[in-house]
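This is what each chain is made of:
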Amino acid sequence: MKTQKTAIQVIAGAAKTPEYSPAAVKALMKRLDMNERAFALLMNVSPKTVRMWITGAARPCSIARRLMQIYEAGPELIGRLIAGAEDGQ
């Protein structure tokens, strides 16, 4: 018998944010060609926080993980953010 997911199961699955291990954070930074300082500015956290993520001393919170997921899926968004900031938006 084929099991279909209910709407609530689909929403619950989509709402989960992936875990970002220190290696995953480093890989995202490399993909975006960013150092700790630049990534901290992008994520709106301190460089110390980014350092804690990449050493494993702390885990990114769910909001930070969601932002990482968005930047990973659509790195072109970063260019739009920068352009918007330069335009005063």
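See above for the structure.
Residues numbered from 1 in each chain as written. Predicted model: local features only at pLDDT ≥ 70, side-chain atom pairs only at ≥ 80, totals over all residues. Heavy atoms only, no water.

1. Brief notes about the pattern of salt bridges
Opposite charge on two side chains permits them to pair, given that their charged atoms come into close proximity.
Phase 1 of the analysis: By the definition in use, this model includes two salt bridges.
Phase 2 of the analysis: A salt bridge links E19 to R59, with the nearest nitrogen and oxygen atoms 3.0 Å apart. On the criterion of sequence distance, the pair formed by E19 in the loop between α1 (7-15) and α2 (22-31) and R59 in the loop between α4 (47-55) and α5 (62-73) is long-range, its members being 40 residues apart.
Phase 3 of the analysis: Note on E19: relative accessible area 53%, which makes it exposed.
Phase 4 of the analysis: In this structure, R51 engages E36 in a salt bridge whose closest nitrogen and oxygen atoms are separated by 3.0 Å. Here the residue R51 occupies a position in helix α4, and E36 occupies one in helix α3 (residues 36-43), the gap between them amounting to 15 residues. (Salt bridge = Lys/Arg side-chain N within 4 Å of Asp/Glu carboxyl O. Helix = DSSP H or I, 4+ residues; strand = E, 2+ residues; numbered from the N terminus. Buried < 20%, exposed > 50% of the residue type's maximum accessible area, 1.4 Å probe, protein only.)

2. Description of the environment of I82
Phase 1 of the analysis: Within the secondary structure, I82 sits in helix α6 (residues 76-86).
Phase 2 of the analysis: A C-alpha to C-alpha distance of 9.5 Å links I82 and L42, two positions 40 residues apart in sequence.

3. Quick notes on α3
Since the α-helix turns once every 3.6 residues, residues separated by three or four places project in the same direction.
Phase 1 of the analysis: When α3 is considered as a whole, its buried residues turn out to be F39, A40, L42 and M43. Axial view of α3: buried residues confined to an arc of 160°, hence all on one face. Away from its buried face by more than 90 degrees, α3 exposes R37 and L41.
Phase 2 of the analysis: For α3, the side-chain oxygen to backbone nitrogen distance between the N-cap and R37 is 3.2 Å, and the N-cap itself is N35.
Phase 3 of the analysis: Where α3 ends, the next residue or the one after it, N44, has phi of about 60°, a positive value. (Arc of directions from axis to C-beta. Polar contact = N/O pair within 3.5 Å; in protein donor to acceptor, adjacent residues only side chain to side chain.)

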